[in-house]
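Breakdown of the fold
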Amino acid sequence: MEKSIHDIDFEKSDSLVPVIVQDANTKDVLTLAYANKESLELAKKTGNSWFWSRSRNKLWMKGEESGNTQKIKEILVDCDSDAIIYLVEPSGPACHTGEKVCFHNNLK
């Protein structure tokens, strides 16, 4: 089924939806970020991963500072229209620490 940006339930969580970023080839989960309507529109328009930074309170494109961009191959929407997956081709590590994925710590 096809969905549009207008179908996304941004109101459920204070104008943001979680975005799981997954490597389109390996299926590794790279990171979890958040998108508002504007960042999702930019992602659709440019083909690059755009998000809303909750800590910096601003839009950001993955790789704008590090150069580690993520080219979006497909965007998937969950059944409730309140969570998204970006299937991407990464051009470097996803994590700001330099790790390939953000989920590299084990919980004791």
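Residues numbered from 1 in each chain as written. Predicted model: local features only at pLDDT ≥ 70, side-chain atom pairs only at ≥ 80, totals over all residues. Heavy atoms only, no water.

1. Looking at the nonpolar core
If you look at the biggest cluster of nonpolar residues, it comprises 21 residues, and the most contacted ones within it are Val19, Val21, Leu40, Phe51 and Tyr86. Looking at this core, the elements that each hand over two or more residues are β1 (17-23), β2 (29-35), α1 (37-46), β3 (50-53), β4 (58-61) and β6 (84-90). Beyond its immediate stretch of four places on either side in the chain, Val19 contacts Thr31, Leu32, Ala33, Tyr34, Ala35, Phe51, Ile84 and Tyr86. (Core = buried A, V, L, I, M, F, W, Y, C linked by side-chain atoms within 4.5 Å. Buried < 20%, exposed > 50% of the residue type's maximum accessible area, 1.4 Å probe, protein only. Helix = DSSP H or I, 4+ residues; strand = E, 2+ residues; numbered from the N terminus. Contact = heavy atoms within 4.5 Å.)

2. Here we look at the side chain of Asn68
As for its position among the elements, Asn68 is in the loop between β4 and β5 (70-77). Excluding residues that lie within four positions of it along the chain, Asn68 makes contacts with Lys62, Gly63, Ser91, Gly92 and Pro93.

3. Describing the pattern of salt bridges
Counted under the stated rule, the structure contains three salt bridges. For Lys100, the salt bridge goes to Asp28, with nearest N and O atoms at 2.9 Å. Here Lys100 is found in the segment after β6, whereas its partner Asp28 is found in the loop between β1 and β2, with 72 residues between them in sequence. Look at Lys100 and you get partly exposed, because its relative accessible area is 49%. Between Glu65 and Arg56 there is a salt bridge, with the nearest N and O atoms lying 3.8 Å from each other. For Glu65, a relative accessible area of 67% puts it in the exposed group. Its relative accessible area of 40% is what places Arg56 among the partly exposed residues. (Salt bridge = Lys/Arg side-chain N within 4 Å of Asp/Glu carboxyl O.)

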